[in-house]
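# Structure assessment
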Amino acid sequence: MDFLLHHGITVFGQWISIAELAGQLFALAVVFLAQRRTLWTWPVQVGATVLLFAVYTSAHLGGLATRQLAILAISIYGWWAWSRHNDPVFGIVVRKGRLAERLSMIAAFAVGTTVMALVLDALNASWAPWPDAALFIGTLVAFAAQGLGLVEFWLVWLVVDAIGVPLQISSGLYFSAAIYVVFAGLVIHGWWSWNRSAKQVRAARTDKALTPSN
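This text gives an overview of the structure that appears in the document. Note that the structure is predicted; figures quoted are calculated from it, not measured.

### Points about the overall build of the chain
Of the regular secondary structure elements, the chain holds eight helices and four strands. Sequence-ordered secondary structure for the chain, helices as α and strands as β, is α-β-β-α-α-α-β-β-α-α-α-α. Here the contacts in the chain between residues at least 6 apart in sequence split such that 68% fall between residues at least 24 apart. Counting every atom, the chain has about 10900 Å² of accessible surface; 70% of that belongs to carbon and sulfur.

What follows is the structure, given as structure tokens:
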């Protein structure tokens, strides 16, 4: 891993380690795969977490580094959940979250960010504890919702991107910041795609319920 961290390329005057380049490209691939609701989303995510854990540890971003470990655990759960909730027509079954689920996501993000920021500050584990904590908790909320097939997980990613871009720039991780900007566009398309699929699944189930059985 030291080789990947200390060797890289220079793009537009900015040096990018192989670990950061490969990790962010893997993460970018995850967005494409998630849009298509394929199980390959999760093993590719595992590869990204290993590389980015090393990158963020070396950049002294404790929150972002720690979240890679949590993402690894959630990726294993997501892989299992998607393999059990598959639809022969639409792929992974997706749906809009209920009001209680949406409120739970908001509460988890707010409370989790506050607690994590205080922990990072107390441990001197991050130079920017609040945005670092928000990225950590936001990622957990997004991946947990993704594992459940909730359309709203894309909206959580938009919040993460909005916080992540300036933090990455301030940390000197310019390539990662650029990738976050690309993420934002893909996330918007992903939200549209999943929202459409949720409507199709709901319509198919309604038609089935209204069709009289023989």
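After presenting the structure, the write-up continues.
### Here's the deal with the side chain of T113
Mapped onto the fold, T113 is located in helix α5 (residues 99–123). A relative accessible area of 10% places T113 in the buried class.

### Details of the pattern of salt bridges
Tallied over the full model, the rule gives three salt bridges. Residue R98 is joined to E101 by a salt bridge in which the shortest nitrogen-to-oxygen separation is 3.2 Å. Judged by relative accessible area, which is 17%, E101 ranks as buried. What emerges from the salt-bridge pattern is a single network uniting R95, R98 and E101.

### As for the packing of aromatic side chains
Aromatic rings in a pair are described by how distant their centres are and how their planes are angled relative to each other. Applying the stated criterion to the full structure yields seven aromatic pairs. Ring geometry for Y77 against W80: centres 6.1 Å apart, planes inclined by 40 degrees, an arrangement best described as tilted. Linking Y77 with W80, this pair stays in helix α4 (residues 62–84), spanning three residues, or about one helical turn. Take W80: its relative accessible area is 47%, and that puts it in the partly exposed class. Ring centres of F153 and W194 lie 4.9 Å apart, and the angle between their planes is 65 degrees; this geometry places the pair in the edge-to-face category. Of this pair, F153 sits in helix α7 (residues 153–170) while W194 sits in helix α8 (residues 174–210); the two residues are 41 residues apart in sequence, bridging distant segments of the chain. Through a chain of ring-to-ring contacts, the aromatic side chains of W42, F143 and W157 assemble into a single cluster.

### Regarding the nonpolar core
Counting residues in hydrophobic clusters, the biggest one holds 52 residues, and the most contacted among them are V55, Y56, W154, W157, F183 and W194. Mapped by element, the contributors of at least two residues to this core are α2 (18–35), α3 (41–58), α4, α5, α6 (129–147), α7 and α8. Residues contacting F183, with those up to four places away along its chain left out, are Q24, A27, L28, V31 and D161.

### Observations concerning unusual backbone geometry
The backbone phi angle of N124 is positive, close to 50 degrees, even though this residue is not glycine. Among the structural elements, N124 can be located in the loop between α5 and α6.

### A word on the packing of α6 against α7
Packing of α6 against α7 brings their axes to within 9 Å, and their N-to-C directions diverge by 155 degrees. Classified by the angle their axes make, α6 and α7 are roughly antiparallel. By crossing handedness, the relation of α6 to α7 is classed as left-handed. Taken together, the residues of α7 that come into contact with α6 (itself represented by P131, D132, A134, L135, G138, T139, V141, A142, F143, A145 and Q146) are F153, V156, W157, V160, I163, G164 and L167. Taken together, the residues of the contact of α6 with α7 break down into 13 nonpolar, four polar and one charged.

The rules behind each value
- Throughout this document, residue positions are counted from 1 along each chain, in the order its sequence is written.
- Predicted model: local features are reported for residues with pLDDT of at least 70 only, side-chain atom pairs are reported and counted for 80 or more only, and whole-chain, interface and lining totals are derived from all residues.
- Note that the side-chain values use all heavy atoms of the structure and ignore hydrogens as well as water.
- For the purposes of this entry, the term helix denotes a DSSP run of H or I that reaches at least four residues, the term strand denotes a run of E that reaches at least two, and both are numbered from the N terminus.
- We call two residues contacting when some pair of their heavy atoms lies within 4.5 Å.
- Accessible areas in this description were obtained via Shrake-Rupley with a 1.4 Å probe; residue shielding takes into account the shown protein chains only.
- When accessible area is computed with a 1.4 Å probe and restricted to protein chains, residues below 20% of their type maximum are described as buried, those above 50% as exposed, and intermediate ones as partly exposed.
- Basic side-chain nitrogens of Lys or Arg form a salt bridge, by our definition, when they fall within 4 Å of a carboxyl oxygen of Asp or Glu.
- Side-chain rings of Phe, Tyr and Trp, where Trp is taken by its six-membered ring, are said to pair if the distance between their centres is within 6.5 Å; with planes under 30 degrees apart they count as stacked, over 60 as edge-to-face, and otherwise as tilted.
- In plain words, nonpolar cores are sets of buried Ala, Val, Leu, Ile, Met, Phe, Trp, Tyr and Cys residues tied together by side-chain atoms within 4.5 Å.
- Each axis is a line fitted through C-alpha atoms, and for a helix only the stretch in contact is used; angles between axes span 0 to 180 degrees, taken between their N-to-C directions.
- The scheme is simple: roughly parallel for angles under 35 degrees, roughly antiparallel for over 145, roughly perpendicular for 65 to 115, oblique for anything else.
- If you view the pair so one helix is near and one far, a crossing is left-handed when the near helix is turned anticlockwise from the far one by less than a right angle, and right-handed when it is turned clockwise.
- For this classification, Asp, Glu, Lys and Arg are treated as charged, while Ala, Val, Leu, Ile, Met, Phe, Trp, Tyr, Cys and Pro are nonpolar and the rest, including Gly, are polar.

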